[in-house]
Amino acid sequence: MKRTLSVLLALIAFSPAARGFEPFKIQDIRIEGIQRTDAGTVFGYLPVKVGDTLTPEKATASVKLLYGTGFFKDVELENDGGVLVIYLQERPAISSIDVSGSKEFDKKRLLEIFRSVGLQEGRIFDQSVLERAKQDLKNQYISRGKYAVDVQTSVTPLERNRVAVNFKISEGQIAKIRQINIVGNTAFKEKDILETLTLKTPTWTSWYKQGDRYSRESLQGDLE
């Protein structure tokens, strides 16, 4: 009769079934559910092998290590007549990353931004990584003076346990400087102070120099 050792790591550590589990000698190990992950990779992370006695503590360690790889979103162990059966549910892989609505950056630059935080085609999909990529993308727009940028993401499941990731960008208007006021200066003329600033009020060259774009980073630099 099959005996379930674990469904989730938390259940292993605290459930009555785990506490009442009787150790058994592992006669064989069978892995179920993997599609992309090599079986050798799974065996490499297991702290037990054929001939060992599986205790609740070792079962807990096994599940913890397999979860820790980041490859799996569910791990379940069973005793099938002395055979340790490991049921695994893999995290999906990223099949494609598409971006729409971007005029400020080309796709090559956007993919570089995503890669810098670990979001890349072929890698295991992680929602937290997607959120970091989204925030990094917003920061890139803010640095260009586009404070009203809105980034929406969607994840579409595909066959063979893959997903397509899409970024939909609404860039919004550029924050521009209408006027710069200098208050409290006595040692230097306002004109001299304005000439030292990176930030500028609009001129006929602003359309290509972009000096009239507001940026917190540029303002901080000017203050320094």
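See the structure above.
Being a predicted model, the structure only gives us computed values, none of them experimental. (Residues numbered from 1 in each chain as written. Predicted model: local features only at pLDDT ≥ 70, side-chain atom pairs only at ≥ 80, totals over all residues. Heavy atoms only, no water.)

A.B. asks: Provide a residue-level description of the pairing of strand E5 (residues 72-80), including the pertinent values.
C.D. replies: Within a regular beta strand, the side chains point alternately toward one face of the sheet and then the other, so they alternate between its two faces. Of the strand pairs in this sheet, E5 and strand E6 (residues 83-90) are connected by 8 bridges, and their pairing is antiparallel. Among the inter-strand pairings, Glu-78 is bridged to a residue of E6, identified as Val-85. Hairpin geometry of E5 and E6 is characterised by an intervening segment of 2 residues between the two adjacent antiparallel strands and by a positive phi of about 60 degrees at Gly-81. (Pairing = 2+ DSSP bridges. Helix = DSSP H or I, 4+ residues; strand = E, 2+ residues; numbered from the N terminus.)

A.B. asks: I'd like a description of the sheet that holds strand E7 (residues 93-100), backed by residues and values.
C.D. replies: The strand order across the open sheet built from 3 strands is E7-E9-E8, with neighbouring strands paired in mixed fashion. Either end of the sheet is taken by a strand with one partner, and the two such strands are E7 and strand E8 (150-158). Sheet twist, expressed as the average angle between the axes of neighbouring strands with direction ignored, equals 20 degrees. Pairing analysis gives 9 bridges linking E8 to strand E9 (residues 162-170), with the strands arranged antiparallel. Paired with Asp-150 across the strands is Ser-170, a residue of E9. On the sheet, helix H6 (residues 127-143) packs against E8 and E9 and is oriented at approximately 25 degrees with respect to E9. (Axes fitted to C-alpha atoms, helices over the stretch in contact; angles between N-to-C directions. Contact = heavy atoms within 4.5 Å.)

A.B. asks: Account for the packing of aromatic side chains, naming residues and giving values.
C.D. replies: If you walk through the whole model with that rule in mind, you get 3 aromatic pairs. When the ring of Phe-105 is compared with that of Tyr-141, the centres are 5.0 Å apart and the planes differ by 85 degrees; the resulting orientation is edge-to-face. Taken together, the residues Phe-105 in the loop between E7 and helix H5 (107-116) and Tyr-141 in helix H6 connect sequence positions 36 residues apart. Given the relative accessible area of 6%, Phe-105 is considered buried. Classification of Tyr-141 by relative accessible area gives buried; the value is 0%. Geometrically, the ring pair formed by Phe-114 and Phe-167 is stacked, given 4.3 Å between the ring centres and 15 degrees between the ring planes. With a gap of 53 residues between them, Phe-114 in helix H5 and Phe-167 in strand E9 connect regions that are remote in the sequence. (Phe/Tyr/Trp six-rings, centres within 6.5 Å; stacked < 30°, edge-to-face > 60°. Buried < 20%, exposed > 50% of the residue type's maximum accessible area, 1.4 Å probe, protein only.)

A.B. asks: Quick rundown of the pattern of salt bridges? Include the residues and the values.
C.D. replies: Evaluated as defined, the whole model comprises 9 salt bridges. For Asp-52, the salt bridge is made with Lys-49, and the minimal N-O distance between the two is 3.6 Å. For the salt bridge of Lys-107 with Asp-98, the shortest nitrogen-to-oxygen distance reads 3.6 Å. Lys-107 gets classed as partly exposed once you look at its relative accessible area, which sits at 41%. Judged by its relative accessible area of 37%, Asp-98 is partly exposed. Residues joined by salt bridges that share partners form a network here, namely Glu-104, Arg-144, Lys-146 and Glu-171. (Salt bridge = Lys/Arg side-chain N within 4 Å of Asp/Glu carboxyl O.)

A.B. asks: I'd love a proper account of the side chain of Thr-37, names of residues and values included.
C.D. replies: Its location among the elements puts Thr-37 in the loop between strand E3 (28-32) and helix H3 (39-45). Residue classification places Thr-37 among the buried positions, given a relative accessible area of 15%. At a separation of 2.7 Å, a polar atom in the side chain of Thr-37 contacts the side chain of Glu-90. Not counting residues up to four positions away in its chain, the partners in contact with Thr-37 are Val-42, Phe-71, Phe-72 and Glu-90. (Polar contact = N/O pair within 3.5 Å; in protein donor to acceptor, adjacent residues only side chain to side chain.)

Coordinates in, geometry out; function isn't part of it.
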